[in-house]
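Take a look at the letters that make up each chain.
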Amino acid sequence: MATKNIQLPELGEGVTEGELVKWTIKPGDKIQADQTIAEMMTDKATVEVPSPTAGTVKELKFKEGEVVSVGNVMIVIETDGAGAQPAKTESAPTKAPSAQPASQSASQSAMDVYPPPAASKVLATPATRRLAREMNVDINGVSGSGLSGRVTRDDVMDARGAGATTAGPATYQSPTQSTNQSTTTPRPAYQSPPGTKDERVPLKGIRKKIAENMQMAKHIIPHFTLMDEANVTALVNMREELKAAGEKTGVKVTYMPFVFKALIATVREFPQFNASIDDAAGEIVYKKNFNIGFAADTPNGLLVPVVKNADQKTVVQVAADINDLAKKARDGKLTLDEMKGATFTVTNIGSIGGTYATPVINHPEVFIFGMYKIQDKPILVDGQIEFIKTMNFTVTCDHRLIDGAVAARFLKAFINRIENPGVLMLDMM
């Protein structure tokens with residue numbers, strides 16, 4: 001029998017490592033080629049890792065919750081050699097540096113199955129790299145205290161405190177440059193009071209990534225929020241008409257596609273809302289496409305799928321994309337590409353029942369839009385009480401780029417469109 005080392009393949013463009021969320025196999029299991037052996041977390045997406053060959057699992061090299069670099073040996077399997085083929089690459093493979101101790105190295109007779117290595121000068125997690133940028137620390141000059149010299153968050157913070165060589169301010173990366181990096185700021189330990197019976201569980205996986213991203217966004221972006229109420233009676237009637245049309249094609253039409261369309265028209269009027277700040281270059285990046293993220297509540301935590309080129313799609317097409325992406329989010333089937341490239345984000349808290357909130361901006365975007373539950377409101381018309389349908393909307397902005405008066409005019413322009421579906425339809429023609 002031959003022994004093969006199965007290494008972690010590339011998880012996406014620019015992704016050099018991921019967190020091992022779950023093993024789906026155990027030592028002694030017989031596995032087939034292309035069978036899922038593990039689930040890896042990178043940014044906010046869970047990626048299934050397949051085995052490139054069949055065999056019997058001999059050893060697992062990492063524990064759940066550990067960070068694994070592309071090219072690291074994940075498992076060792078035994079195979080009789082029949083039908084086992086290494087992963088195909090366009091060029092001859094070069095073995096990537098391994099974070100495994102020498103005692104765990106395979107024997108000379110062992111065969112490795114590995115992808116082309118991802119180039120990296122410093123061994124560090126994406127979260128640590130982003131933290132270094134935001135703290136203006138040149139990570140290339142930081143000595144790593146982690147396994148095999150890996151730079152940790154504590155190393156970056158220590159370097160910052162010691163006045164280490166610093167780089168320029170944080171740089172905005174366009175979707176094609178993004179490396180799915182996130183950050184967190186170290187926080188003091190929590191000490192349980194004597195005599196308490198607290199339960200402690202690891203902060204890992206999606207929940208850890210959410211914590212890191214939220215803390216990073218609040219650290220960088222000066223947030224402010226405006227809220228206003230809209231009379232959506234006409235919108236409710238229009239949605240009922242299109243809802244029936246959508247059902248004929250198997251598409252559930254909610255209010256979110258209409259909000260998307262009204263936002264697109266309003267953002268065209270206020271282009272600074274479809275932008276990001278590149279601090280290092282001292283530039284504002286104005287985006288020309290409309291890729292709208294939406295907050296999806298899933299059993300595993302908050303995910304943000306992205307409807308690409310929403311301006312080029314009809315209301316029913318946008319609704320179909322939202323339904324499909326939301327289902328994938330709930331089922332844990334979203335791909336990295338389906339969560340990348342958002343130019344701004346919408347959160348629909350009203351679907352649960354909220355009336356008002358102050359959402360956190362999804363960095364490097366500069367605003368997040370909130371929509372809330374529809375309510376019946378009594379008004380006085382010619383001495384008679386009538387009921388209208390109302391909905392609250394919020395716009396939370398990055399005050400570095402968007403002033404309060406501009407945000408107020410933006411929200412007013414949006415409400416004018418959402419209250420008058422006829423005007424909205426003209427914008428979509």
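The structure under discussion appears in the preceding block.
Residues numbered from 1 in each chain as written. Predicted model: local features only at pLDDT ≥ 70, side-chain atom pairs only at ≥ 80, totals over all residues. Heavy atoms only, no water.

How would you explain helix H5 (residues 256–269) if you had to name every residue and give the values?
End to end, H5 covers 20 Å across 14 residues, agreeing with the expected 20 Å (1.5 Å per residue, within 8%). Residues Met256, Pro257, Phe258, Val259, Phe260, Lys261, Ala262, Leu263, Ile264, Ala265, Thr266 and Val267 constitute the buried set of H5. (Helix = DSSP H or I, 4+ residues; strand = E, 2+ residues; numbered from the N terminus. Expected span 1.5 Å × (residues − 1). Buried < 20%, exposed > 50% of the residue type's maximum accessible area, 1.4 Å probe, protein only.)

Hey, could you go over the sheet that holds strand E2 (residues 17–23) for me, with residue numbers and the actual values?
In spatial order, the strands read E5-E4-E2-E7; together these four strands make up an open sheet with antiparallel pairing. Looking at which strands have only one partner, the edges of the open sheet turn out to be strand E5 (45–50) and strand E7 (67–69). When the angles between neighbouring strand axes are averaged without regard to direction, this sheet yields 45°. In this sheet, strand E4 (residues 36–42) lies alongside E2 in antiparallel orientation, the contact comprising four bridges. Looking at the pairing, Trp23 lines up with Ala38 of E4. (Pairing = 2+ DSSP bridges. Axes fitted to C-alpha atoms, helices over the stretch in contact; angles between N-to-C directions.)

Residue-level account of the sheet that holds strand E13 (residues 292–294), with values.
Pairing is mixed across the open sheet formed by six strands, whose spatial order is E10-E19-E18-E17-E13-E16. Every other strand in the sheet has two partners, leaving strand E10 (223–231) and strand E16 (306–307) as the edge strands with one partner each.

Any details on helix H2 (residues 153–161)? Residues and values, ideally.
Among all positions in H2, only Asp155, Val156 and Ala159 are buried. The arc that holds the buried residues of H2, viewed along the axis, is 100°, so those residues lie on one side. Of the exposed residues in H2, the ones pointing more than 90 degrees away from its buried face are Asp154, Asp158 and Gly161. (Arc of directions from axis to C-beta.)

Run through the packing of aromatic side chains, naming residues and quoting values.
The final tally for this structure, using the stated rule, is nine aromatic pairs. Here Phe273 and Phe410 contribute two aromatic rings whose centre-to-centre distance is 3.9 Å and whose plane-to-plane angle is 10°, an arrangement assigned as stacked. With a gap of 137 residues between them, Phe273 in the loop between H5 and strand E11 (275–278) and Phe410 in helix H7 (residues 404–419) connect regions that are remote in the sequence. With respect to class, Phe273 is no different from Phe410; both count as buried. Positioned above the aromatic ring of Tyr255 is the side chain of Arg239, whose terminal nitrogen or guanidinium carbon lies 4.7 Å from the ring centre. (Phe/Tyr/Trp six-rings, centres within 6.5 Å; stacked < 30°, edge-to-face > 60°. Lys NZ or Arg CZ within 6 Å of the ring centre and 35° of its normal.)

So what's going on with the pattern of salt bridges? Which residues, and what values?
Any two side chains of opposite charge can pair, given that their charged atoms come close. Counted under the stated rule, the structure contains 17 salt bridges. Put simply, Asp29 and Lys26 hold a salt bridge, and the shortest N to O gap is 3.2 Å. (Salt bridge = Lys/Arg side-chain N within 4 Å of Asp/Glu carboxyl O.)

Give a description of the side chain of Thr266 that names residues and reports values.
Within the secondary structure, Thr266 is located in helix H5. When near neighbours in sequence (up to four residues on either side) are disregarded, Thr266 contacts Phe410, Ala413, Phe414 and Arg417. (Contact = heavy atoms within 4.5 Å.)

Tell me about the packing of H5 against helix H6 (residues 315–331), and name the residues and values.
One way to put it is that H5 packs onto H6 with a least axis distance of 9 Å and a crossing angle of 120°. In terms of axis orientation, H5 runs oblique to H6. Both H5 and H6 take part in a crossing whose hand is right-handed. Of H6, the residues touching H5 (which contributes Met256, Pro257, Phe258, Phe260 and Lys261) are Val315, Val318, Ala319 and Ile322. For the contact of H5 with H6, the residue count by class is eight nonpolar, no polar and one charged. (Parallel < 35°, antiparallel > 145°, perpendicular 65-115°, else oblique. Left-handed = near helix turned anticlockwise from the far one by under 90°. Nonpolar A, V, L, I, M, F, W, Y, C, P; charged D, E, K, R; others polar.)

Mind laying out the nonpolar core, listing which residues take part and the relevant values?
Met74, Phe273, Phe367, Phe369, Phe393 and Ile402 are the most contacted members of the largest nonpolar core, which has 82 residues in total. The next biggest cluster of nonpolar side chains, apart from the first, holds nine residues, and it includes Ala132, Ile139, Val156 and Ala159. (Core = buried A, V, L, I, M, F, W, Y, C linked by side-chain atoms within 4.5 Å.)

Report on unusual backbone geometry, specifying residues and quantitative values.
At the junction of His363 and Pro364, the peptide bond is cis and its omega measures out at 15° in the coordinates. Counting through the fold element by element, Pro364 comes out in the loop between strand E17 (344–348) and strand E18 (367–381). Of note, Asp34 is a non-glycine position whose phi angle comes to about 75°, a positive value. Mapped onto the elements of the fold, Asp34 is located in the loop between strand E3 (30–31) and E4. Overall, the relative accessible area of 62% leaves Asp34 in the exposed class.

I'd like to hear about the packing of H5 against H7, residue by residue, with values.
Between H5 and H7, the least distance of the axes is 9 Å, while the angle of their chain directions is 135°. The angle between H5 and H7 places the two elements in the oblique class. Crossing of H5 against H7: the hand is right-handed. Contacts from Phe258, Val259, Ala262, Leu263, Ala265, Thr266, Val267 and Glu269 of H5 reach H7 at Phe410, Ala413, Phe414, Arg417 and Ile418. The residue inventory of the contact of H5 with H7, partitioned by class, reads ten nonpolar, one polar and two charged.

I'd like a rundown of the environment of Gly353, residues and numbers included.
Along the chain, Gly353 falls in the loop between E17 and E18. For the pair Gly353 and Tyr372, spaced 19 residues apart in sequence, the C-alpha separation works out to 7.2 Å.

An account of the environment of Tyr372 is needed here, citing residue identities and associated values.
Structurally, Tyr372 is set in strand E18. Separated by 22 residues in the primary sequence, Tyr372 and Thr394 have C-alpha atoms spaced 8.5 Å apart. Residues contacting Tyr372, with those up to four places away along its chain left out, are Ile349, Gly350, Gly354, Thr355, Tyr356, Ala357, Pro359, Met391, Asn392, Phe393 and Thr394. A polar side-chain atom of Tyr372 sits 2.7 Å from a polar atom in the side chain of Thr394. (Polar contact = N/O pair within 3.5 Å; in protein donor to acceptor, adjacent residues only side chain to side chain.)

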